[in-house]
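# Descriptive analysis of the structure
One-letter residues, chain by chain:
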Amino acid sequence: MRRFVLIAIPYVWLLALFLVPFAIVLKIALSDAAVARPPYFPQFDWAEGIAAFIAELDFENFVWLTEDDLYWKAYLSSLKIAVISTFFTLLAGYPIAYGMARAPEEWRPTLMMLVILPFWTSFLIRVYAWMGILSNEGFLNQFLMWIGVISEPLTILNTNSAVYIGIVYTYLPFMILPVYSALERLDGSLIEAAEDLGCSRLTAFWLVTIPLSKTGIIAGSFLVFIPVLGEFVIPSLLGGSDTLMIGKVLWEEFFSNRDWPVASAVAVVLLLLLVIPIVLFQRNQQKQQEAE
Amino acid sequence: MIHFQNVTKRYGEFTAIDNLTIDIYEREFYALLGPSGCGKTTLMRMLAGFETPTEGKIFLAGQDIAPVPPNKRAVNMMFQSYALFPHLSIWENIAFGLKREKMPKHDINDRVEEMLRLTRLEKFARRKPHQISGGQRQRVALARSLAKHPKLLLLDEPLGALDKKLRQDTQFELMDIQEKTGTTFVIVTHDQEEAMTVASRVAVMDHGKIIQVSTPDRIYENPNSVYVADFIGDVNLIEGTAKLNGSDSYAMSWHEGHAPLSIKSPNAFSDGQKCHLAIRPEKVAISADQPAEADNAVQGRILDIAYLGNISTYHVELPTGAVIKAQTANTRRIARRAFTWEDTVWLSWTATAGVLLAD
Amino acid sequence: MTLKTMTMTAVVALGTAAAATAEEVRVYNWSDYIDEGLLEKFEKETGIDLIYDVFDSNEVLETKMLAGGSGYDVVVPTGSFMARQIQAGAFQKLDPSKLPNKGNMWGAIEERTSKYDPGNEYSINYMWGTTGIGVNAGKVKEVLGEDAPIDSLELVFNPANMEKLASCGVHFLDAPDEMIPAALKYIGEDPNSMDADVVAKAEPVLMAVRPYITKFHSSEYINALANGDICVAFGWSGDILQARDRAAEAENGVEIEYNAPKEGALMWFDQMTIPVDAPNPEGAHKFLNFIMDAQNMAAASNYVYYANGNKASQEFLEEDVIGDPAIYPNEETVQNLYIKEGYPPKVQRKATRLWTKVKSGT
């Protein structure tokens, strides 16, 4: 009985927080837009019964998504932005995690604190701060002009570069923490052993440190990649008007067109795009574990 | 083959190795023995190249190795934790060093197979380190460090993680492999029994200095200091003052009202010099009556008996309050033991049984 | 215990109960759109707690209305959006008996707003204004020369001008319902056209200038103009006038000027309405009546530099508001103003898609 309850809790959790909302979104995706409140049709009505209700649903909105290249372009562009920013987050986060893991033991809690500290400030305020730093009259340009590196201000704000900066900054802790925990567990004598067996520092890093922090790298990359794919706030605040992301398209369908069904269809496809790689990844992990 | 010349290593204020000069010869099985913190690991890490001496030089085959990084040294190390790469199979672990040498593929294959045979691990080649036992892991670590034909193999507490029985088997295996491969082994250990078993020469270290370097038997029988005598095995130490009494022979007065002890010693002492007699418990005989022809005999009361199965150790309190340990082989069944607690007994030993050591 | 003390206790108990569940009115209005002193005044006069939230896009408001259960008692959609929301059943009819100040309203405006809300049954006008061009006059003249067409759509829709202006920064409203009509007006089409083919004609006009637009955003331009970050904003009259005042206060040498384009400008109306599921419609009526008070309305306009639909308030308006043709346009300009109704869903989708293409190039 106790075991049943223990297992039931996460499943109820999953059901309540994921499956039920997903079912609602899916249902809206299969409905038609209408001038009504809420703005779609059919509404579920007990009197008519479930069969009649289901008969009204169709896949029109998904067909629609294939007919306009906007959606594919937005998905691809989101994918590109997510891949690139995950890569840069890894590039920036790994050395920090590495440094933290190599730091003297008594410093580590402090370093960890410093990584988490920004979370204590509102995310929006931090993004607005970046607007102040990156704008044409902002601190960065003023500084660069002051030291004489540039004579004309660089246009960074409202471009994709600003989006990347914002994303890397915001999601850095999500990369650092799992990588750090993987690196912290790494036995220093493994590196020495690799060097002892003929590796230079660099090859030891490639052949031992990187493979052994692989779980942290993968976990961190997923923690960054998945939310970035659907990111809306950072591109809309820091990005230019030509920063095309699926989150923005979804927003537009939902808010500008009031077309909740199409917006829901976009969301469902986005979710499928995310779920498929995750499932594949987990399968792969499982297989590896079984093989061992 | 290896020559340490006035090597000193300091970490800030702390001196780990203090002006040390030693030689290690080819094909030797050399043990660095000492309590933790005595500098033995630092010494080994300097050989491997993970530490550099603050002062002095280390020569390997006549060449100063200070500028040679660890990955370029013909020295391999077997780590205390084994440091097996958990993401690689046993086979890949052993091949790791060979691949770095850009050895042709089939040569690597041959060499790895050879090492697997030597360490009897053929069956486990495809497994990952966490899928084999501690003893097997130890052998993988050994195979991996030997695969590259190092001139010198360093073993850092190689058997520390094994249980006692396995440790003893492995000690002999190590010796066997050392003989087969002809590699020079330097082992670091705090376990004197292990050092005595495997090594051809033992260096006893303390506080960054080498106290004595010798063969195991000489270290045991002829320690050159109270420290070594006390560190290696069990010993009785009796303090007194020396007085020359014939050639190489001394009379050591140790307590008022007791006859001086007669001791033969190659070490020279001046009259009245403070000294210690170090005598191993197994060289002290115990008897109910005063022995007729003993060089030295003292009377005492049995305080305690430690029964170890094959032998028993008697703790005998002398009238002076000092406690002397005497060991006898249990050749008879325990029920027929001659002495018991509170018995008054005589302890006796010959003039050559102990060594006389300076303060 | 006497009867008197019992009554006393009851009164005290009632008093605390009333304090615990103090009456609230929740108002959801555009950002930077009221004199905050009025909010306190309302609380003082009525004893009702006023909770005041802001938004900066009709779309956000509309979504809340269509989803229902927003919890607001008073909301302020723009006319064209409101028309559709009335159709969807998002609002309740006002009760004229609770709005004694309704007589203060300006018939000329009510006549226009009845296009969105026939008979003005659901809404009262809060503010109205035009959509036009705000410029940092000094910078624009520096870039385009002294005769820069700062009062013409030429400034923002002629690529030759925009190419030069790109260097000092241009913001457009992120509002297809305002920008498409303006583009149509520029090429001489009917800005209020509901014909998808006509709407499509706005695309090449907008696409031609899009490379030179720094950002499409509906509120950032106030600060950006005032700071000197940008030199041109196509935006709402009052917002640009606020930017003018902020720049003047900051004494940063930035001089902002607003013009309704001479070719014709969009005239819009922000209407106060009560959601159908408002928790406190009683309080909402009180708030509407409070706003319709001539002096209160005048205070709001004096503060935000937008014209209002309250005739009686005009005598209390400051001269730089009532006398400014940018706020209260003269008769001639009014002739030039056009209004726009909401697009039907299919055309709306076209318009949004067109707008996405303009913004992202896809």
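Everything numeric in this text was worked out from a predicted model, so none of it was measured.

## Let's talk about the overall build of chain A
For chain A, the count of helices and strands is 14 helices and two strands. Computed over the C-alpha atoms, the radius of gyration of chain A is 24 Å, more than 25% above the 19 Å expected from 2.2 N^0.38 for a compact globule of 292 residues. Projected onto its principal axes, the C-alpha coordinates of chain A cover approximately 75 × 65 × 35 Å. In chain A, the proportion of contacts linking residues at least 24 apart, taken out of those at least 6 apart, comes to 69%.

## Some thoughts on the packing of aromatic side chains
Enumeration over the complete set of coordinates arrives at 42 aromatic pairs over all chains. Geometrically, the ring pair formed by Y171(A) and F174(A) is tilted, given 5.8 Å between the ring centres and 40 degrees between the ring planes. With Y171(A) and F174(A) both in helix α8 (residues 160-185) and three residues apart, this pair spans about one turn of that helix. Here Y314(B) and F339(B) contribute two aromatic rings whose centre-to-centre distance is 6.1 Å and whose plane-to-plane angle is 85 degrees, an arrangement assigned as edge-to-face. Taken together, the residues Y314(B) in strand β17 (residues 311-317) and F339(B) in the loop between β18 (323-329) and β19 (344-349) connect sequence positions 25 residues apart. Per residue, the accessibility class of Y314(B) equals that of F339(B), and both read buried. Among the aromatic side chains, those forming a connected cluster through ring pairs are Y40(A), F232(A), W251(A), F254(A), F255(A) and W260(A). Over the ring of F96(B) we find R100(B); its NZ or CZ atom is 4.7 Å from the centre of that ring. In this structure, R280(B) is placed above the aromatic ring of Y220(B), and the distance from its NZ or CZ to the ring centre is 4.0 Å.

## Overview of the domain arrangement of chain C
Residue and element names in this part refer to chain C. The domain architecture assigned to chain C consists of domain 1 (23-129 + 268-329) and domain 2 (130-267 + 340-360). When each unit is reduced to the centre of its C-alpha atoms, the spacing between domain 1 and domain 2 is 26 Å. Opposite the 20 residues of domain 1 that make contact, domain 2 presents 25 residues. Summing both partners gives a buried area of about 1,900 Å² for domain 1 against domain 2, and 52% of it is carried by carbon and sulfur. Applying the counting criterion to the domain 1 and domain 2 interface returns two salt bridges.

## Description of the interface of chain A and chain B
Between chain A and chain B, the contact holds 17 residues from the first and 23 residues from the second. Both sides of the chain A and chain B interface together cover about 1,800 Å² of buried area, and 61% of this is carbon and sulfur. Taken together, the connections running from chain A to chain B amount to one salt bridge. Its salt-bridge partner being R45(B), residue E192(A) comes within 2.5 Å of it at the nearest N-O pair. Here chain A and chain B share nine residue pairs in polar contact (both at pLDDT 80 or more) between them. Elements that contribute at least two residues to the side of chain A that touches chain B include exactly α9 (188-196) and α10 (201-212) of chain A. The leading source of residues in the side of chain A that touches chain B is α9(A), at seven residues.

## Concerning the pairing of strand β7 (residues 232-236) of chain C
All names here are of chain C. Burial within β7 is extensive, with five of its five residues counted as buried. Pairing of strand β5 (residues 170-172) with β7, which is carried by three bridges, proceeds in the parallel orientation. Within β7, the residue paired with F172 across the bridge is F234.

## With respect to the sheet that holds strand β14 (residues 274-279) of chain B
All names here are of chain B. Strand order across the open sheet formed by five strands is β13-β12-β11-β14-β20, with antiparallel pairing between neighbours. Across the chains shown, the open sheet's two edge strands, defined by having one partner strand only, are β13 (261-264) and β20 (355-358). Strand-to-strand twist of the sheet, defined as the mean angle between neighbouring strand axes without regard to direction, takes the value 45 degrees. As judged from the six bridges shared by strand β11 (residues 236-244) and β14, these two strands associate in the antiparallel manner. Residue pairing across strands places N236 opposite I279, the latter belonging to β14.

## Describing the sheet that holds strand β15 (residues 285-287) of chain B
Strand pairing in a sheet takes place through backbone hydrogen bonds and is either antiparallel or parallel in direction. Residues and elements named next belong to chain B. Taken in spatial order, the five strands make up an open sheet running β15-β19-β16-β17-β18, and their pairing is antiparallel. The open sheet terminates on both sides in strands that have one partner only, identified here as β15 and β18. Direction aside, neighbouring strands of the sheet carry axes that sit 45 degrees apart on average. Relative to β19, β15 runs antiparallel, the two being bridged by three bridges. From the neighbouring strand, I286 faces β19, where its bridge partner is L347.

## Section: the state of the cysteines
All names here are of chain C. The final tally for this structure, using the stated rule, is one disulfide over all chains. Residue pairing for C168: its cysteine sulfur links by disulfide to C231, the two sulfurs lying 1.9 Å apart. With the S-S bond torsion at 55 degrees, the cross-link from C168 to C231 turns out right-handed. With C168 in the loop between α8 (159-165) and β5 and C231 in the loop between α12 (220-227) and β7, this pair connects stretches of sequence that are 63 residues apart. Assigned by exposure class, C168 and C231 land together as buried.

## Details of the interface of chain A and chain C
Much of the literature gives interface size as the accessible area that the parts lose upon coming together. Opposite the 31 residues of chain A that make contact, chain C presents 33 residues. Roughly 2,700 Å² of surface becomes buried between chain A and chain C when both sides are summed, with 54% attributable to carbon and sulfur atoms. Broken down residue by residue, the surface that chain A buries against chain C is led by R37(A), S241(A) and R258(A), which jointly contribute 27%. In this assembly, chain A and chain C are joined by six salt bridges. Where R349(C) meets D259(A), a salt bridge forms, and the shortest distance between an N and an O atom there is 2.1 Å. Between chain A and chain C we count 10 residue pairs in polar contact (both at pLDDT 80 or more) in total. If you tally residues by element for the side of chain A that touches chain C, the top one is helix α13 (residues 246-256) of chain A, at six residues.

Rules behind the numbers
Residues numbered from 1 in each chain as written. Chains lettered and ligands numbered in written order. Predicted model: local features only at pLDDT ≥ 70, side-chain atom pairs only at ≥ 80, totals over all residues. Heavy atoms only, no water. Helix = DSSP H or I, 4+ residues; strand = E, 2+ residues; numbered from the N terminus. Rg over C-alpha atoms; globule rule 2.2 N^0.38 Å. Contact = heavy atoms within 4.5 Å. Phe/Tyr/Trp six-rings, centres within 6.5 Å; stacked < 30°, edge-to-face > 60°. Buried < 20%, exposed > 50% of the residue type's maximum accessible area, 1.4 Å probe, protein only. Lys NZ or Arg CZ within 6 Å of the ring centre and 35° of its normal. Domains from an automatic or database assignment. Buried area = accessible area lost by both parts, 1.4 Å probe. Salt bridge = Lys/Arg side-chain N within 4 Å of Asp/Glu carboxyl O. Polar contact = N/O pair within 3.5 Å; in protein donor to acceptor, adjacent residues only side chain to side chain. Pairing = 2+ DSSP bridges. Axes fitted to C-alpha atoms, helices over the stretch in contact; angles between N-to-C directions. Disulfide = S-S within 2.5 Å.

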